[in-house]
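A closer look at the structure
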Amino acid sequence: MEKDVLILAIESSCDETAASVVKNGRTVLSNVISSQIALHTLYGGVVPEIASRKHIEKINQVIEEALAEAQVTLDDLDAIGVTYGPGLVGALLVGVAEAKAISYAKKLPLVGVHHIEGHICANYIENKELEPPFICLVVSGGHTHLVVVEDYGKYKILGRTRDDAAGEAFDKVARAIGLGYPGGPKIDKLSKEGNPDAIAFPRAKIVDAEYDFSFSGLKSSVLNYLNSCQMKGEEINRADVAASFQKAVTDVLVQNAVHAVNSYGLKKLAIAGGVASNSSLRAAMKDACAENGIEFYYPSPIFCTDNAAMIGTAAYYEYMAGVRSGLDLNAVPNLKLGER
Ligand code: KG4
Ligand code: ZN
């Protein structure tokens with residue numbers, strides 16, 4: 001029998017300090033997440049300087065917890081995986097420096113991981129049978145990408161957002177209707193009490209790039225609607241606004257993703273990133289996939305939002321492919337998917 005491969009993964013690209021121990025790529029032995037959301041809520045969004053300081057405060061404790069929960073020590077590990085981009089540079093640096101220190105002290109191989117690759121790989125954790133190739137829709141706070149996962153570690157970007165990311169649109173609209181940060185989960189919840197067909201918000205289509213997205217027009221349309229209601233002294237039904245906005249986002253995401261799967265003839269679609277935990281998106285995607293004979297894959301909500309287990313899974317496949325980072329690994333805030 002082959003020896004198990006144990007990877008300690010670290011994630012600190014935004015406002016979660018996270019560490020996880022992953023066995024053989026798909027078995028999560030621990031998944032510890034220290035969220036700073038409550039802290040940033042005070043400011044209505046993530047404050048980079050505060051995020052970096054908090055990561056420094058928490059990272060050792062989070063790693064110790066992850067090792068203890070997995071019942072392993074640093075001596076049992078085969079490699080260290082760490083997110084080195086994209087993200088907030090000061091936040092990324094904390095994880096990268098920590099990973100390099102452990103790698104040096106324990107003479108462990110170091111594997112730098114792309115954050116979006118991590119989100120995509122979150123799908124492997126609970127779907128043991130999922131193998132590339134497939135199409136993945138990545139919808140997070142900073143990214144909206146439609147990707148062909150050609151093989152492990154091999155990605156082709158079909159489309160991306162031209163302006164706001166899907167999660168960013170959720171956060172901005174939530175702020176406009178007074179729901180606070182982070183907006184996605186709050187809009188998701190409030191939408192359940194609203195009518196998704198109450199207000200006709202636009203569905204953007206990009207004429208010269210069939211897989212691209214645009215959400216800034218939709219966001220402006222929501223803001224205009226709110227302003228015009230205020231000017232006319234009309235009462236705003238926030239649940240209807242939330243539900244109608246959410247439906248507009250969902251429609252476009254589902255349409256583009258299903259179109260991509262059908263065009264590429266892959267018959268497998270996965271979703272990833274914080275917005276992939278949205279209940280309306282999951283339900284609409286499930287229905288559309290059933291109608292089109294597409295296998296639909298999605299991670300549990302805890303693996304959709306930022307976590308280190310997904311980084312451990314991505315690191316495993318990179319490690320098995322022979323990828324190693326040197327101690328000169330640096331944070332790359334605008335790292336492109338597929339680049340090293
Ligand atoms: O993937 P993630 O944790 O961080 C980034 O890499 O950006 O995504 C965070 C984003 C935020 O914009 C948040 O509002 C959104 O995901 N989000 C949601 C939901 N849960 C989180 N958006 C819609 N519905 C949700 N249930
Ligand atoms: Zn993320």
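Quick caveat: nothing in here was measured; it's all calculated off a predicted structure. (Residues numbered from 1 in each chain as written. Chains lettered and ligands numbered in written order. Predicted model: local features only at pLDDT ≥ 70, side-chain atom pairs only at ≥ 80, totals over all residues. Heavy atoms only, no water.)

**A few points about unusual backbone geometry**
Cis rather than trans, the peptide bond between P132 and P133 has omega equal to 5°. Considering the arrangement of structural elements, one finds P133 in the loop between helix 4 (115-126) and strand 6 (134-139). (Helix = DSSP H or I, 4+ residues; strand = E, 2+ residues; numbered from the N terminus.)

**Concerning the sheet that holds strand 9 (residues 268-272)**
Ordered in space as 8-7-6-9-10, the 5 strands form an open sheet in which the pairing is mixed. The open sheet terminates on both sides in strands that have one partner only, identified here as strand 8 (154-160) and strand 10 (295-297). Pairs of neighbouring strands in the sheet enclose a mean axial angle of 25°, with direction left out of account. Where strand 7 (residues 144-151) lies against strand 8, 6 bridges are found, and the strand directions are antiparallel. Residue pairing for strand 8: V148 is matched across the bridge by K156. Along the sheet, helix 4 makes contact with strand 6, strand 7, strand 8, strand 9 and strand 10, crossing strand 6 at roughly 120°. (Pairing = 2+ DSSP bridges. Axes fitted to C-alpha atoms, helices over the stretch in contact; angles between N-to-C directions. Contact = heavy atoms within 4.5 Å.)

**Quick look at the site of ligand 1**
Surveying the vicinity of ligand 1 reveals 20 residues, the closest of which are G141, D171, G184, D188 and N278. Contact between ligand 1 and G141: an oxygen atom at 2.8 Å from a main-chain N or O atom of the residue. For ligand 1, an oxygen atom lies 3.0 Å from a polar atom in the backbone of G274. In isolation ligand 1 exposes 550 Å². Once the protein is present, 89% of that is buried. Most atoms of ligand 1, that is more than half of them, are within 2 Å of grid points of the largest pocket. Listing elements by their share of the shell around ligand 1, those giving two or more residues are helix 4, helix 5 (166-176) and helix 6 (183-191). Per element, the largest residue contribution to the shell around ligand 1 is 4 residues, and it comes from helix 6. (Near = heavy atom within 4 Å. Polar contact = N/O pair within 3.5 Å; in protein donor to acceptor, adjacent residues only side chain to side chain. Areas by Shrake-Rupley, 256 points an atom, 1.4 Å probe, with all protein chains shown as cover. 1 Å grid on protein atoms, 1.4 Å probe; cavity = no way out; pocket = protein on both sides within 12 Å on 5 of 7 lines; lining within 4 Å. Sits in = over half its atoms within 2 Å of the grid points.)

**Considerations on the sheet that holds strand 4 (residues 79-85)**
Strand pairs in the sheet, formed through backbone hydrogen bonds, run parallel or antiparallel to each other. Ordered by their spatial adjacency, 5 strands build an open sheet running 3-2-1-4-5, and the pairing between neighbours is mixed. Both outer strands of the open sheet, strand 3 (27-35) and strand 5 (110-114), are each paired with one neighbouring strand and no more. Here the strands of the sheet are splayed against their neighbours by 20° on average, with no regard to which way each runs. Looking at chain direction, strand 1 (residues 6-11) and strand 2 (residues 16-23) are connected through 6 bridges and run antiparallel. Bridge pairing links E11 to A18 in strand 2.

**Here we look at helix 8 (residues 238-264)**
Look at helix 8: 39 Å from first C-alpha to last across 27 residues, which is about the 39 Å you get at 1.5 Å a residue. Taken across its 27 residues, helix 8 has 19 buried, putting it largely inside the fold. Once helix 8 finishes, G265 follows within two positions and takes phi at roughly 60°, a positive value. (Expected span 1.5 Å × (residues − 1). Buried < 20%, exposed > 50% of the residue type's maximum accessible area, 1.4 Å probe, protein only.)

**Side note on the coordination of the zinc ion (ligand 2)**
Protein-derived coordination of the zinc ion (ligand 2) comes from H115 (NE2), H119 (NE2) and D306 (OD), at a distance range of 2.0 to 2.1 Å. Classification of the site at the zinc ion (ligand 2) as tetrahedral follows from its 4 donor atoms and the range of 96 to 134° in their angles at the metal. Along the chain, the residues donating to the zinc ion (ligand 2) fall in the pattern H-x3-H-x186-D. Here H119 and H115 lie together in helix 4, a separation of 4 residues that amounts to about one turn. Classification of H115 as buried rests on a relative accessible area of 6%. Residue classification places H119 among the buried positions, given a relative accessible area of 1%. (Donors = N, O, S within 2.8 Å, 3.2 Å for Na, K, Ca; no water. Tetrahedral: all angles 85-135°; square planar, octahedral: opposite > 155°, others 65-115°.)

**Things to note about the packing of helix 5 against helix 6**
Put simply, helix 5 and helix 6 touch, their axes get as near as 7 Å, and they point 65° apart. The orientation of helix 5 relative to helix 6 falls into the category roughly perpendicular. For the pair helix 5 and helix 6, the crossing hand works out as left-handed. Contact residues: F170, D171, V173 and A174 in helix 5; G183, G184 and I187 in helix 6. For the contact of helix 5 with helix 6, a count of residues per class yields 4 nonpolar, 2 polar and 1 charged. (Parallel < 35°, antiparallel > 145°, perpendicular 65-115°, else oblique. Left-handed = near helix turned anticlockwise from the far one by under 90°. Nonpolar A, V, L, I, M, F, W, Y, C, P; charged D, E, K, R; others polar.)

**Examining the layout of surface pockets**
There is about 1100 Å³ of room inside the largest pocket. Looking at the largest pocket, it is lined by 39 residues, and the ones nearest its centre are S140, G141, G142, D171 and Y181. Secondary structure elements with two or more residues in the lining of the largest pocket: strand 3, helix 4, helix 5, helix 6 and helix 10 (301-304). For the lining of the largest pocket, the element with the most residues is helix 5, which contributes 6 residues. For the lining of the largest pocket, the class distribution of residues is 14 nonpolar, 17 polar and 8 charged. (Points joined across faces, edges and corners; volume = space filled by probe spheres on them.)

**Some thoughts on a nonpolar patch on the surface**
A cluster of nonpolar residues, L39, L42 and Y43, forms a patch on the protein surface that exposes about 340 Å² of accessible area. Locating Y43 in the fold gives a position in the loop between helix 1 (37-41) and helix 2 (48-70). Accessibility expressed as a relative area gives 53% for Y43, which makes it exposed. (Patch = residues over 30% accessible without salt bridge, like charges linked within 9 Å, V, L, I, M, F, W, Y side chains within 5 Å. Salt bridge = Lys/Arg side-chain N within 4 Å of Asp/Glu carboxyl O.)

**Points about the side chain of T17**
Its place among the elements puts T17 in strand 2. Note on T17: relative accessible area 1%, which makes it buried. A polar atom in the side chain of T17 sits 2.8 Å from the side chain of H55. When neighbours within four sequence positions are excluded, T17 is seen to be in contact with E11, V32, I33, S34, Q36, K54, H55, K58, I59 and V62.

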